[in-house]
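# Structure at a glance
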Amino acid sequence: MSAADFAAENQLHRVGARPPLHRYLQEMWTRRDFAITMARFKIEANNRKNRLGMLWIVLSPMLTAAVYGVVFGLLQGDRRPDNFASFIIAGVFLFQYFTNTMNSGAKAIVSNRSLVQSLAFPRMTLPIATVIQQLLNVTVIIGVMYLILAVLGNPIRLSWLLVVPLVVIMTLFNAGVAMLLSRLTAHTRDVTQVLPIVTRIFFYSSGVLFPIDRILSNFPALVAVYDFHPIYEFLVIGRGVLLEGYTVPPEYWWYASAWALLLLIIGTVTFWAAEESYGRVD
């Protein structure tokens, strides 16, 4: 009798074998407390050595918005969008939620190499923990964003509550991106060198600092392509529900949801498919 036949007869399973996807997700769900605890620990650890501590969670996007707002406000001149300061605040705060999750999720496996190699658990827990970490951060950031927008003279409206479903959609999208990149980075470390460039490309091409329809007014075909740019859709929805004078094309909610579902499925299946290889990270 071969070893494989003996194992099958006695219902023995190979150590570290990848379970079916549905059972894998069930195992990950049972470890949700671990993911949440890890996310909270990461937040505390990342800010413990800073004198201002947790304040940097909101100071970072505020300073980014201030610097880029001044520079690009001068460069755009008369082409600046209405309510420019609020336009920048909403764009930068929402965009950083995406990029922070993308960058931290990409390093979820490689930055926890000793944990991956020493314990048996669904490795997907690690990128999901980074998503939870950034979700906890963004809840604080959104509260500060509301306050800043009110101080800038934006009337408080019921539509502000629509930021909640927007964040839910973005979180699903971010989770898919985090899982996809964490697998790529685990097997090809060079991806981490490319990420800053990818971040800048998204930053300058997503309409964070300027209105796409005005800047590209001479290229209507290119403007039409932006209807299917997921990050741009998130920003348009965010500004539409937060700022007066900005509208949200209804289909953008459907497009953004479709992007989120698609990336979540691709990220989940792609990450799960390589589950057995993460313990062999170099």
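Every value quoted in this text rests on a predicted model; they were computed, and no experiment measured them.

### Some words on the overall build of the protein chain
- Scanning the protein chain for helices and strands turns up 13 helices and 0 strands.
- In sequence order, the protein chain lays out its α and β elements as α-α-α-α-α-α-α-α-α-α-α-α-α.
- Taking contacts inside the protein chain between residues at least 6 apart in sequence as the whole, the part at least 24 apart equals 78%.
- Here the protein chain displays about 15100 Å² of accessible surface, and carbon together with sulfur accounts for 65% of that area.

### Quick look at the nonpolar core
- One finds Phe98, Phe173, Phe234 and Leu242 to be the most contacted residues of the largest nonpolar core, which totals 50 residues.
- If one sorts the elements of this core by residue count, helix H5 (residues 84-106) sits on top with 13 residues.
- When near neighbours in sequence (up to four residues on either side) are disregarded, Phe234 contacts Leu94, Leu166, Ile169, Met170, Phe173 and Ala256.
- Met28, Phe121, Leu126 and Trp272 belong to the second-largest nonpolar core, a separate cluster that totals 17 residues.

### A word on the packing of H5 against helix H9 (residues 191-205)
- Where H5 meets H9, the axes come as close as 11 Å, and the angle between the chain directions of the two elements is 165°. Viewed along their axes, H5 and H9 adopt a mutual orientation that is roughly antiparallel. Here the hand of the crossing between H5 and H9 comes out right-handed. Contacts between H5 and H9 pair Phe95, Phe98, Thr99, Met102, Asn103 and Ala106 from the former with Leu195, Thr199, Phe202 and Phe203 from the latter.
- Partitioning the contact of H5 with H9 into residue classes produces 7 nonpolar, 3 polar and no charged.

### Describing the confidence of the model for the protein chain
- For the protein chain, the mean per-residue pLDDT works out to 82, and 82% of the residues sit at or above 70.
- Mean pLDDT across the secondary structure elements of the protein chain bottoms out at helix H1 (residues 3-9), with 46, and peaks at helix H13 (residues 250-273), with 95.
- Within the model, the stretch residues 3-8 combines pLDDT values under 50 with 3 contacts to residues more than four positions away or in other chains.

### So, the environment of Ser182
- The topology assignment puts Ser182 in helix H8 (residues 163-187).
- In contact with Ser182, not counting residues within four places along its chain, are Gly105, Ala106, Ala108, Ile109, Pro127 and Phe271.
- Within the structure, Ser182 has its side chain in polar contact with the backbone oxygen of Met179 (distance 2.9 Å).

### Re the side chain of Thr125
- Within the secondary structure, Thr125 is located in helix H7 (residues 125-151).
- Excluding residues within four positions of it along the chain, Thr125 makes contact with Met28, Arg31, Phe34 and Ala35.

### Some details on the environment of Val191
- Of note, Val191 is situated in helix H9.
- Taking relative accessible area as the criterion, Val191 reaches 19% and is therefore assigned buried.
- Considered as a pair, Val191 and Lys107 are 84 residues apart in the sequence and their alpha carbons are 9.7 Å apart.
- Val191 has contacts with Leu184 and Thr185, leaving out every residue within four places of it along the chain.

### Considering a nonpolar patch on the surface
- Residues Val164, Val168 and Leu172 make up a contiguous nonpolar surface patch of roughly 240 Å² in combined accessible area.
- Take Leu172: it is sitting in helix H8.

### A look at helix H12 (residues 230-242)
- Taking 1.5 Å of rise per residue, the 13 residues of H12 would be expected to cover 18 Å, and the 18 Å separating its terminal C-alpha atoms lies within 8% of that figure.
- Of all 13 residues that make up H12, 13 are buried, and the element is covered over most of its length.

### Things to note about the packing of aromatic side chains
- Summed over all chains, the structure comprises 13 aromatic pairs.
- Both rings, one in Tyr252 and one in Tyr255, keep their centres 6.3 Å apart while their planes meet at 40°; by these two values the pair is tilted. Highlighted residues: Tyr252 and Tyr255, both in helix H13, separated by 3 residues, approximately one helical turn.
- Of the residues examined, Tyr255 reaches a relative accessible area of 29% and is grouped as partly exposed.
- Three or more aromatic residues joined by ring pairs make a cluster, and in this case those are Phe95, Phe98, Phe173, Phe202, Phe203, Tyr204 and Phe234.
- Just above the ring of Phe87 sits the side chain of Arg239; from NZ or CZ to the centre is 3.5 Å.

Parameters and conventions
- Residues numbered from 1 in each chain as written.
- Predicted model: local features only at pLDDT ≥ 70, side-chain atom pairs only at ≥ 80, totals over all residues.
- Heavy atoms only, no water.
- Helix = DSSP H or I, 4+ residues; strand = E, 2+ residues; numbered from the N terminus.
- Contact = heavy atoms within 4.5 Å.
- Areas by Shrake-Rupley, 256 points an atom, 1.4 Å probe, with all protein chains shown as cover.
- Core = buried A, V, L, I, M, F, W, Y, C linked by side-chain atoms within 4.5 Å.
- Buried < 20%, exposed > 50% of the residue type's maximum accessible area, 1.4 Å probe, protein only.
- Axes fitted to C-alpha atoms, helices over the stretch in contact; angles between N-to-C directions.
- Parallel < 35°, antiparallel > 145°, perpendicular 65-115°, else oblique.
- Left-handed = near helix turned anticlockwise from the far one by under 90°.
- Nonpolar A, V, L, I, M, F, W, Y, C, P; charged D, E, K, R; others polar.
- pLDDT = per-residue confidence, 0-100.
- Polar contact = N/O pair within 3.5 Å; in protein donor to acceptor, adjacent residues only side chain to side chain.
- Patch = residues over 30% accessible without salt bridge, like charges linked within 9 Å, V, L, I, M, F, W, Y side chains within 5 Å.
- Salt bridge = Lys/Arg side-chain N within 4 Å of Asp/Glu carboxyl O.
- Expected span 1.5 Å × (residues − 1).
- Phe/Tyr/Trp six-rings, centres within 6.5 Å; stacked < 30°, edge-to-face > 60°.
- Lys NZ or Arg CZ within 6 Å of the ring centre and 35° of its normal.

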